[in-house]
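# Survey of secondary and tertiary structure
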Amino acid sequence: MANQLCIVLDFGGQYNQLIARRVRECGVYCEIKKFDTPIDEIKALEPMALIFTGGPNSVYDPRSPHISKEIFELGIPVLGICYGCQLIAYTLGGVVESCTKSEYGKIEISHNGSSVLFKDIPEKSTVWMSHNDFVSRPPQGFEITAVSSDCPGAAFENKEKKLYAVQFHPEVTHSEFGRQLMHNFLYEVCGFSGDWVMDDFIENTVASLRRQIGNKKVILGLSGGVDSSVAAGLLSRAVGKQLTCVFVDHGLMRKDEGDFVEETFTKMFDMNFIRVNAQEHFLGKLRGVTDPEEKRKIIGAEFINVFWDEVRKDTAGGFFAQGTIYPDRIESGKGNKSGEGSAAVIKTHHNTAIPDDMRDNFDGIIEPLADLFKDEVRAVGEKLGIPNELVWRQPFPGPGLGVRIIGEITEEKIHILQEADAVFRDEIAKSGIEDQLKQFFAVLPDVKTVGVMGDHRTYDHLIAIRAITTDDFMTADWARIPYDVLARVSNRLCNEVEHVNRVVYDITSKPPGTVEWE
Ligand code: XMP
């Protein structure tokens, strides 16, 4: 049975996915659609709620995204956030003006107790504001329900028509009671029952996979990343041995990671597991290559080649499955009419289209996680019993250690880096600060320095360590790892990892640095 649906209409705001995630955290299934999705298409989906996102534009800019009045006549409750709030006012005849002083950051608002949107929220609370325009007069039939010192219309509504507007961002955690407000909108205003539950998702997906696959076979490329691992877990539960997972080991994984993936999936799950040990093949293709982009291209292309060469060995048909997740396929509204800059559908290299010569061999593509956000994928993974090491794995680039070894990649350098990285990770795990770090790893910059060991001079490798904190990986800060942890890491790296005689800690934020060194 289909879930009750909330649609987030994307006007190009930076928080559109966050809004959808928050809605789902409230137990309501939610999809993001571009602001110019035809009204008939929206109606056909029978949503019980619409949420208009923020956006970078002013409603008076003719190029900014607008919406037809018709949307307010469908009888579907609407919540407009930031730009979405101004758009409701503008479209229905209210007045939007430029602020004399823009509101940015944590702001106190007070509500008048009349709105169900603020049920169980204290009269005064902190919200997150970020706007240059504001609604100075709401449209006729609307009542102002909350104000801030600089914003007379922090929230307004037309209760009868179930149209609600808030100038602030309830979706960000800085808005103290934002979650409660969204819950109130979804449950008190729209009447959702809360039918988006991960246990049900697993049960329903397994049932529909069984129906779709019947007694046919399914092939899945397993990378050891979260998405393909959880897709494998779901498919295994649905069809067991009808599933074949092909795991291409390019030799550029972290220490023992390939063995761990193999052990997990062969011991814990019912499936056919094929591990292709392609380390030598990759090393051969990478010999003499030093340019980072070229390395990436080679690793990506060879990954696909090796995977499909393996699949070609047994072309008995069936389905091709991949771990595409919802953010991989959302097209952003981007807030302009031309759709310029619409996010291309990008997925790391292990998600590949079926090559031309193989297309006729397959009955179709299966993407069991295509509707899930990453945190939901992790929740499903945990419920399926996939080990934490895979479900909570920190981001690891598709080209693996290939972009953490600067210059030419050799077997020896891979070995040194794997050992160094394992020591660093071990110390971080022991230090109790792992949860504060989003990503941490070792880099082999291909620099040798002079050192001294006992009475001997050494001339050996430098290891750089990198640890970052970030919300979105677009910007990042270097982590303030305590000195004593750094000291232990440095000691152990020089003592335990052969060919390492010096350690540096990367204290560059992003920008100007990137997370990876290549
Ligand atoms: P940068 O280095 O661009 O990294 O600041 C941001 C995030 O992206 C990851 N990353 C990659 N992931 N293939 C991937 O699948 C790649 O080529 C790649 N390069 C960087 C990086 O680990 C970080 O999480």
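Right above here is the structure, for reference.
Rules behind the numbers
- Residues numbered from 1 in each chain as written.
- Predicted model: local features only at pLDDT ≥ 70, side-chain atom pairs only at ≥ 80, totals over all residues.
- Heavy atoms only, no water.
- Buried < 20%, exposed > 50% of the residue type's maximum accessible area, 1.4 Å probe, protein only.
- Helix = DSSP H or I, 4+ residues; strand = E, 2+ residues; numbered from the N terminus.
- Pairing = 2+ DSSP bridges.
- Patch = residues over 30% accessible without salt bridge, like charges linked within 9 Å, V, L, I, M, F, W, Y side chains within 5 Å.
- Areas by Shrake-Rupley, 256 points an atom, 1.4 Å probe, with all protein chains shown as cover.
- Salt bridge = Lys/Arg side-chain N within 4 Å of Asp/Glu carboxyl O.
- Lys, Arg positive; Asp, Glu negative; His and termini not counted.
- Charge placed at Lys NZ, Arg CZ, Asp CG, Glu CD.
- Axes fitted to C-alpha atoms, helices over the stretch in contact; angles between N-to-C directions.
- Parallel < 35°, antiparallel > 145°, perpendicular 65-115°, else oblique.
- Left-handed = near helix turned anticlockwise from the far one by under 90°.
- Contact = heavy atoms within 4.5 Å.
- Nonpolar A, V, L, I, M, F, W, Y, C, P; charged D, E, K, R; others polar.
- Arc of directions from axis to C-beta.
- Polar contact = N/O pair within 3.5 Å; in protein donor to acceptor, adjacent residues only side chain to side chain.
- Phe/Tyr/Trp six-rings, centres within 6.5 Å; stacked < 30°, edge-to-face > 60°.
- Lys NZ or Arg CZ within 6 Å of the ring centre and 35° of its normal.
- Near = heavy atom within 4 Å.

### Concerning the pairing of strand β4 (residues 78-81)
By the alternation rule, side chains of β4 split into Val78 and Gly80 and Leu79 and Ile81, which are all buried. With 3 bridges joining them, strand β3 (residues 49-52) and β4 adopt parallel strand pairing. Bridge pairing in β4 places Leu50 opposite Val78. In terms of strand pairing, β4 meets strand β9 (residues 163-166) through 4 bridges, oriented parallel.

### Re a negative patch on the surface
Negative charge collects at one region of the surface, where Asp40, Glu41, Glu70 and Glu73 lie side by side. Mapped onto the elements, Glu70 comes out in the loop between β3 and β4. The class for Glu70 is partly exposed, based on a relative accessible area of 40%.

### Re the pairing of β9
Of the two faces of β9, the one carrying Leu163 and Ala165 and the one carrying Tyr164 and Val166 are both buried. Taken together, the 4 bridges between strand β8 (residues 155-158) and β9 define a ladder with antiparallel strand orientation. By the bridge assignment for β9, Asn158 is matched with Leu163. From the end of β8 to the start of β9, which pair antiparallel, there are 4 residues, and Lys162 there has a positive phi angle of about 60°.

### Brief notes about the pattern of salt bridges
Going through the model one piece at a time under the given rule, you end up with 37 salt bridges. Notably, a salt bridge pairs Arg275 with Asp249, separated by 2.7 Å at the nearest N-O pair. One end of the pair, Arg275, is in strand β12 (residues 272-277); the other, Asp249, is in strand β11 (residues 243-249), and 26 residues separate them in sequence. Both residues of the pair, Arg275 and Asp249, count as buried. Residue Arg275 pairs with Asp259 through a salt bridge whose shortest N-O separation is 2.9 Å. You can see Arg275 sitting in strand β12 and its partner Asp259 sitting in helix α7 (residues 257-268), a full 16 residues away along the chain. Judged by relative accessible area, Asp259 falls into the partly exposed class, the value being 42%. Taken together, the salt bridges that share partners define one network made up of Asp426, Glu427, Lys430, Arg488, Arg492 and Glu496.

### Comments concerning the sheet that holds strand β10 (residues 218-222)
The strands making up a sheet are joined through hydrogen bonds of the backbone, oriented either antiparallel or parallel. The strand order β12-β11-β10-β13-β14 describes an open sheet built from 5 strands, whose pairing is parallel. Of all the strands in the sheet, just β12 and β14 (364-366) have a single pairing partner and so form its edges. Averaged over neighbouring strand pairs, the angle between their axes works out to 25° when direction is ignored. Pairing between β10 and strand β13 (residues 319-321): 3 bridges, direction parallel. The residue bridging Val218 from the neighbouring strand is Phe319, located in β13.

### Quick look at the packing of helix α12 (residues 411-431) against helix α13 (residues 483-496)
Close contact between α12 and α13 brings their axes to 10 Å; oriented N to C, the two are set at 150°. For the element pair α12 / α13, the angle class is roughly antiparallel. As α12 packs across α13, the resulting crossing turns out to be right-handed. Note on element contacts: α13 touches α12 through Val485, Arg488, Val489, Arg492, Leu493 and Glu496, opposite Ala420, Val423, Phe424, Asp426, Glu427, Ile428, Lys430 and Ser431. Among the residues making up the contact of α12 with α13, the classes are represented as 7 nonpolar, 1 polar and 6 charged.

### Some remarks on helix α8 (residues 279-286)
Side chains that are three or four residues apart share a direction in an α-helix, a result of its 3.6 residues per turn. For α8, the complete set of buried residues consists of Phe282, Leu283 and Leu286. Take α8 and look down its axis: the buried residues cluster within an arc of 100°, on one side only. Its buried side turned inward, α8 meets β11, α9 (292-312) and α12. Directly beyond the C-terminal end of α8, a positive phi value near 80° is found at Gly288.

### Describing the side chain of Glu518
Inspection of the secondary structure puts Glu518 in the segment after β19 (500-505). What makes Glu518 buried here is its relative accessible area of 16%. A polar contact of 2.9 Å, which involves the side chain of Glu518, links it to the side chain of Lys295. Here Glu518 is in contact with Thr290, Pro292, Lys295, Arg296, Gly402, Val403, Ile405, Ile406 and Gly407, once residues within four sequence places are set aside.

### Examining the packing of aromatic side chains
Within this structure, the stated rule accounts for 20 aromatic pairs. Taking the centre distance of 4.7 Å and the plane angle of 50° together, the rings of Tyr29 and Trp196 count as tilted. Pair noted here: Tyr29 is in strand β2 (residues 29-34) and Trp196 is in the loop between α4 (178-189) and α5 (198-213), with a separation of 167 residues, a long-range link. Taken as a pair, Tyr29 and Trp196 share a single burial class, namely buried. By way of ring pairs, the aromatic residues Phe11, Phe35, Phe52, Phe72 and Tyr83 are connected into one cluster. One cation-aromatic arrangement involves Arg254 over Phe396; the distance from NZ or CZ to the ring centre is 4.8 Å. Lying across the ring of Trp478, Arg480 places its NZ or CZ 3.9 Å from the centre.

### Some remarks on the site of the ligand
Around the ligand there are 12 residues in total, and Arg296, Gln439, Lys510, Val515 and Glu516 lie nearest to it. Lys510 is positioned such that a nitrogen or oxygen atom in its side chain is 2.6 Å from an oxygen atom of the ligand. For the ligand, an oxygen atom lies 2.8 Å from a polar atom in the backbone of Val515. Residues of the shell around the ligand, tallied by class, amount to 5 nonpolar, 4 polar and 3 charged.

### With respect to the sheet that holds β4
The sheet built from 9 strands is open, its strands ordered β2-β1-β3-β4-β9-β8-β7-β5-β6 with mixed pairing. Each edge of the open sheet carries a strand with a single partner, namely β2 and β6 (124-137). When strand polarity is set aside, the average angle formed by the axes of neighbouring strands in this sheet is 20°. Pairing geometry for strand β7 (residues 143-148) and β8, over 3 bridges, is antiparallel. Looking at β8, one finds that Glu143 is bridged to Glu157. Those strands touched by helix α1 (residues 16-25) are β1 (5-10), β2, β3 and β4, and its axis lies near 160° from that of β2. Along the sheet, helix α3 (residues 83-91) contacts β3, β4, β5 (95-111), β6, β8 and β9; its crossing angle with β4, the most-contacted strand, is approximately 115°.

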